[in-house]
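# Geometric and topological summary
Here's the letter readout for the chains.
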Amino acid sequence: MSSGAHHHEVDNSLAGKVRHNTQVHAQRCYQCGKCSAGCPLSADMDYPPSLVLRMLQTGDPVFEDKILRSYTIWVCLSCEMCIQRCPMEVDIPVMMDYLRQESIRQKKVNPKAKNIVSFHKSFLDSIKYTGRLFEFGLVVDYKMRSWKMFQDITLMPGMISRGKLHFIPERIKGIKNISNIFTKVSKEDKK
Ligand code: SF4
Ligand code: SF4
């Protein structure tokens, strides 16, 4: 006889949140190490990708904190080399993307990643307001956020004359849909 009771156990571990938000199952990883061996940036990371998965698997809050404060999540370029090699098809780039958002949300961003975060925010803002990448706005916004106003400034006239930078942002037709996505995500972030 069924009791009729439904158990909606919420997995509040970081691995649980990754799974819930991205469908990436850290527990599938069996530590073969192929992802770390193939990752072109693992030498620059504080923890190689396979170790991030091992740390997630433990469910230990100390390791979860270390992951969110790591430089690894910001160094990952989403090149997808790891997923091509992974026998278990663990989508590490998607997982890294979620971990970056969570690291910002919990205010645990690694200090070494400050400029990468500035770029990440400028990039998202550009998409949010224009629906596409508005390069000139992105460059100026990034420079203002990162206080690197005059670095690369000499490159700009050449880029403008070759039509690589556009001064007037072009909005796409579906901009409302894009705004809705951002509003939805920010509401979920506040939950
Ligand atoms: S996607 Fe990230 S973790 Fe995977 S191989 Fe590329 S840089 Fe490394
Ligand atoms: S390649 Fe896949 S299974 Fe192997 S360690 Fe990396 S994530 Fe785990």
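Data block above holds the structure.
Residues numbered from 1 in each chain as written. Chains lettered and ligands numbered in written order. Predicted model: local features only at pLDDT ≥ 70, side-chain atom pairs only at ≥ 80, totals over all residues. Heavy atoms only, no water.

## Points about the site of ligand 1
- Among the 13 residues in the neighbourhood of ligand 1, the closest are listed as C39, C76, C79, E80 and C82.
- Elements represented by at least two residues in the shell around ligand 1 include exactly α6 (81-85) and α7 (92-105).
- Of the residues in the shell around ligand 1, the class split is 11 nonpolar, 1 polar and 1 charged. (Near = heavy atom within 4 Å. Helix = DSSP H or I, 4+ residues; strand = E, 2+ residues; numbered from the N terminus. Nonpolar A, V, L, I, M, F, W, Y, C, P; charged D, E, K, R; others polar.)

## Examining the site of ligand 2
- The full set close to ligand 2 counts 13 residues, and C29, C32, G33, C35 and C86 are the nearest of them.
- Listing elements by their share of the shell around ligand 2, those giving two or more residues are α2 (34-38) and α3 (49-58).

## Some points on the nonpolar core
- Counting 32 residues, the largest nonpolar core has L53, L56, I67, V90, I92, M95 and L99 as its most contacted members.
- In terms of residue count, the dominant contributor to this core is α7 (5 residues).
- Discounting chain neighbours no more than four positions away, the residues touching I92 are C35, P49, L53 and C82. (Core = buried A, V, L, I, M, F, W, Y, C linked by side-chain atoms within 4.5 Å. Buried < 20%, exposed > 50% of the residue type's maximum accessible area, 1.4 Å probe, protein only. Contact = heavy atoms within 4.5 Å.)

## Here's the deal with unusual backbone geometry
- Unlike most non-glycine residues, E80 shows phi in positive territory, near 75°.
- By secondary structure assignment, the location of E80 is in the loop between α5 (72-75) and α6.
- The exposure class of E80 is partly exposed, given its relative accessible area of 43%.
- Of note, E89 is a non-glycine position whose phi angle comes to about 50°, a positive value.
- Inspection of the secondary structure puts E89 in the loop between α6 and α7.

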